[in-house]
Amino acid sequence: MPDIKNIADKADVIINGYAFTRKDDGIHVLNLNCPDKAVVFDMNGEVLETTMDDIELSIASRYLKQNLKYMED
């Protein structure tokens, strides 16, 4: 089980319960309310791996596209 508080503290942004964290291999997204649901996007927004269903994945993808500007260095 991931350390939810630690992940939330290190996240670049949190949007509606999803923690978005930029790392070297891409953007990691974790559903803080259901921590077994996660996705890793590459820097272009393409899915590298996920445990989310299609609906939740589309929501996380939309949040990423709408808020990527807040995650830039």
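Residues numbered from 1 in each chain as written. Predicted model: local features only at pLDDT ≥ 70, side-chain atom pairs only at ≥ 80, totals over all residues. Heavy atoms only, no water.

1. What about the overall build of the protein chain?
- Across its full length, the protein chain holds two helices and five strands.
- Beginning at the N terminus, the succession of helices and strands in the protein chain can be written as α-β-β-β-β-β-α.
- What you see for the protein chain is a C-alpha radius of gyration of 11 Å, in line with the 11 Å of a compact globule of 73 residues.
- In terms of principal-axis extent, the alpha carbons of the protein chain reach across some 30 × 30 × 20 Å. (Helix = DSSP H or I, 4+ residues; strand = E, 2+ residues; numbered from the N terminus. Rg over C-alpha atoms; globule rule 2.2 N^0.38 Å.)

2. A look at the pattern of salt bridges
- This structure, assessed with the given rule, holds one salt bridge.
- One salt bridge connects Asp-9 with Lys-5, and the closest N-O pair in it is separated by 2.9 Å. Placement of both Asp-9 and Lys-5 in helix α1 (residues 4–10) is noted, with a separation of four residues, approximately one turn of the helix. Lys-5 carries the same exposure label as Asp-9, and that label is exposed. (Salt bridge = Lys/Arg side-chain N within 4 Å of Asp/Glu carboxyl O. Buried < 20%, exposed > 50% of the residue type's maximum accessible area, 1.4 Å probe, protein only.)

3. With respect to helix α2 (residues 54–67)
- Compared with an ideal rise of 1.5 Å per residue, which puts 14 residues at 20 Å, α2 spans 20 Å between its outermost C-alpha atoms and is within 8% of the ideal.
- Within the sequence span of α2, burial applies to Glu-56, Leu-57, Ala-60, Ser-61, Tyr-63, Leu-64 and Asn-67. When α2 is viewed along its axis, its buried side chains cluster within an angular range of 160 degrees and face the same direction. Structural note: α2 exposes Asp-54, Ile-55 and Lys-65 on the side pointing more than 90 degrees away from its buried face.
- Each element contacted by the buried residues of α2 is listed here: β1 (13–15), β2 (18–23), β3 (26–31), β4 (38–41) and β5 (47–50).
- The N-capping residue of α2, defined by a side-chain oxygen 3.2 Å from the backbone nitrogen of Ile-55, is Asp-53. (Expected span 1.5 Å × (residues − 1). Arc of directions from axis to C-beta. Contact = heavy atoms within 4.5 Å. Polar contact = N/O pair within 3.5 Å; in protein donor to acceptor, adjacent residues only side chain to side chain.)

4. Notes on the pairing of β2
- The pairing of β1 with β2 spans three bridges and is classified as antiparallel. When the bridges of β2 are listed, Ile-15 appears paired with Tyr-18.
- Between β1 and β2, which follow one another and run antiparallel, lie two residues, and Asn-16 among them has a positive phi close to 45 degrees.
- Here β2 runs beside β3; their pairing, made up of six bridges, is antiparallel. (Pairing = 2+ DSSP bridges.)

5. Details of the nonpolar core
- Counting 14 residues, the largest nonpolar core has Phe-20, Ile-27, Val-29, Val-39, Phe-41 and Met-52 as its most contacted members.
- Counting residues per element, the ones that place at least two in this core are β1, β2, β3, β4 and α2.
- By residue number, the principal contributor to this core is α2, which donates four residues.
- If sequence neighbours within four positions are ignored, Val-29 has contacts with Tyr-18, Ala-19, Phe-20, Lys-37, Ala-38, Val-39, Phe-41, Met-52 and Ala-60. (Core = buried A, V, L, I, M, F, W, Y, C linked by side-chain atoms within 4.5 Å.)

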